[in-house]
Amino acid sequence: MSDRTFTLDDLRRILLESAGAEEGVDLYGDIADTDFEELGYESLALLETGGRIEREFGVSLDDVNLSDITTPRALVDAVNELLSANVAA
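Participant: Tell me about the nonpolar core, residues and numbers included.
Facilitator: Judged by nonpolar contacts, the single largest core of 21 residues is most densely connected at Phe-6, Leu-11, Phe-36, Tyr-41, Ile-53, Leu-75 and Val-79. Those elements that provide at least two residues to this core are α1 (8-19), α2 (36-39), α3 (43-57) and α5 (72-88). Residues within four places of Val-79 in sequence aside, it is in contact with Phe-6, Ile-53, Val-59 and Leu-61.

Rendered as structure tokens:
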């Protein structure tokens, strides 16, 4: 069990590693509440991102939840909820 948290910087790194970034998109700007589609990330890129998060952080994101998450802030919050649940278990 870990008390590690998932941060926006973790998400930025994983997004860049798994799908790169579209030209003109500044992932290091204020992106927390920007829709993934506006950032250039479609469902396949988010599935790859979810897989990397699962492997690195030891959580399980099912496809339904991932498809309902539309912003980086929502994804960070969802992963941290799962991490908290793992620690509490």
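Participant: Which residues make up the pattern of salt bridges, and what values do they have?
Facilitator: Any two side chains of opposite charge can pair, so long as their charged atoms come close to each other. Tallied over the entire structure, the rule returns eight salt bridges. As a salt-bridge pair, Glu-56 and Arg-4 come within 3.5 Å of each other at their nearest N and O atoms. Of this pair, Glu-56 sits in helix α3 while Arg-4 sits in the segment before α1, and the two are 52 residues apart along the sequence. Classification of Arg-4 by relative accessible area gives partly exposed; the value is 37%. Notably, a salt bridge pairs Arg-13 with Glu-17, separated by 3.6 Å at the nearest N-O pair. Here the residue Arg-13 and the residue Glu-17 both occupy positions in helix α1, the gap between them amounting to four residues, near one helical turn. Exposure remark for Arg-13: the relative accessible area of 28% places this residue in the partly exposed category. Using a relative accessible area of 44% as the deciding quantity, one classes Glu-17 as partly exposed. Salt bridges sharing partners connect three or more residues here, namely Arg-4, Asp-10, Arg-13, Glu-17, Glu-48, Arg-52 and Glu-56.

Conventions and cut-offs
- Counting restarts for each chain, with residues numbered from 1 along the sequence as it is written.
- The predicted nature of this model means local features are confined to residues of pLDDT at least 70 and side-chain atom pairs, given and counted, to a pLDDT of 80 or more, with totals for whole chains, interfaces and linings taken over all residues.
- Where side-chain values are given, they derive from all heavy atoms of the structure, hydrogens and water being excluded.
- To form a nonpolar core, buried Ala, Val, Leu, Ile, Met, Phe, Trp, Tyr and Cys residues must be joined to one another through side-chain atoms within 4.5 Å.
- Only protein chains enter the accessibility calculation, which uses a 1.4 Å probe; a residue is then buried when its area is under 20% of its type maximum, exposed when over 50%, and partly exposed in between.
- The helix count covers DSSP runs of H or I at least four residues long, the strand count covers runs of E at least two residues long, and both are numbered beginning at the N terminus.
- Throughout, a contact is declared for two residues whenever any of their heavy atoms are within 4.5 Å.
- Salt bridges, as used here, are contacts in which a Lys or Arg side-chain nitrogen is within 4 Å of a carboxyl oxygen on Asp or Glu.

Worth remembering: the numbers are spatial, not functional.
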